[in-house]
Amino acid sequence: MKALGRIVTVAATLAVLFAGTACNKINEICVTSYRIRSIEPKGLRSVDASFDLGIHNPTLQFSLQNNKAVIYHLGTEIGTVVADDITVEARTDAVYPMHGNLTLADGVGIYRILTLYRNFREEDYSLDIDTDIRLKGGAVFKIRKRDIPLTEFVKD
C-alpha cells in the first residue's frame, strides 16, 4: 500500500509543481518534502491517503483546486487520484496537510494493485494532471499536463 500512497502523494505534488506556471518565479516554486501520514483501503475499488506536503513558494498566494491525476502503468490506466484543494501562502516555506483518494480504473482489481505494489518501479508509471490555479485576486488558470513520467517528480 505504500506504493499507492506514494502515487497519491505524487499526484498532489505534481499539481503544486505546475502551479508555478502562472507565476514569474516558476523555477523557484518547488516541493521540498512529503510524508505519508496514513493510507486506508476503501473496499476493493479505492484507497484514501493523508499526507503532508512541504512547499517553497517565493511568489504570490494561490490555491490549487479541482486536483486530479490519472495514473498509468506501462501505458495502461490504473486509476484516478482526486486530491483536496489547498491554499499555498505567499512567500513561504511551509508544510500543508492534504488528503487524496485513488479510485481504480475499470478492469483493474485489488489483486493487480498488489502485484504492482510488489514489483513497483517508478519508471513504469506516468501521469496526466489536471488542476485549477486560483490566484488571490480571483483569476483562474487551468493546467493540463499529459504523459508525465513519475520519475521526474519522485525524489527519494
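These lines cover the structure that appears in this document, whether it is placed above or below.

About the thresholds
- Residues numbered from 1 in each chain as written.
- Predicted model: local features only at pLDDT ≥ 70, side-chain atom pairs only at ≥ 80, totals over all residues.
- Heavy atoms only, no water.
- Pairing = 2+ DSSP bridges.
- Helix = DSSP H or I, 4+ residues; strand = E, 2+ residues; numbered from the N terminus.
- Buried < 20%, exposed > 50% of the residue type's maximum accessible area, 1.4 Å probe, protein only.
- Arc of directions from axis to C-beta.
- Salt bridge = Lys/Arg side-chain N within 4 Å of Asp/Glu carboxyl O.

### What to know about the pairing of strand β6 (residues 92-104)
Summarising the sheet, strand β2 (residues 46-57) and β6 pair through 12 bridges and their orientation is antiparallel. Residue pairing in the sheet places Ser46 in a bridge with Thr103 of β6. Sheet analysis places strand β4 (residues 76-83) next to β6, joined by 5 bridges and oriented antiparallel. Bridging from a neighbouring strand, Thr80 pairs with Thr103 of β6.

### Notes on helix α2 (residues 110-118)
Each α-helix winds once per 3.6 residues, and so residues spaced three or four apart point in a common direction. If you check which residues of α2 are buried, you get Ile110, Ile113 and Leu116. With its buried residues spanning 120° around the axis, α2 presents them on a single face. For α2, the exposed residues lying more than 90 degrees away from the buried face are Tyr111 and Arg118.

### What about the pairing of β4?
Strand direction decides the pairing type here: strand β3 (residues 62-73) and β4, joined by 7 bridges, are antiparallel. If you follow Asn67 over to β4, its bridge partner there is Ala83. If you look at the hairpin formed by β3 and β4, you'll find 2 residues sitting between the two strands, and Leu74 has a positive phi there, around 50°.

### Looking at the pattern of salt bridges
For the structure shown, the criterion picks out 9 salt bridges. In this structure, Lys42 engages Glu40 in a salt bridge whose closest nitrogen and oxygen atoms are separated by 3.1 Å. On the accessibility criterion, Glu40 (43% relative accessible area) is partly exposed. The partner of Arg146 in a salt bridge is Asp130, with the nearest N and O atoms 2.9 Å apart. Taken together, the positions of Arg146 in strand β8 (residues 140-149) and Asp130 in strand β7 (residues 125-135) put the pair 16 residues apart, joining distant regions of the chain. A relative accessible area of 47% means that Arg146 is categorised as partly exposed. Relative accessible area serves as the criterion here: at 13%, Asp130 is assigned to the buried category. It is possible to trace a salt-bridge network through shared partners that takes in Asp130, Asp132, Lys142, Arg144 and Arg146.

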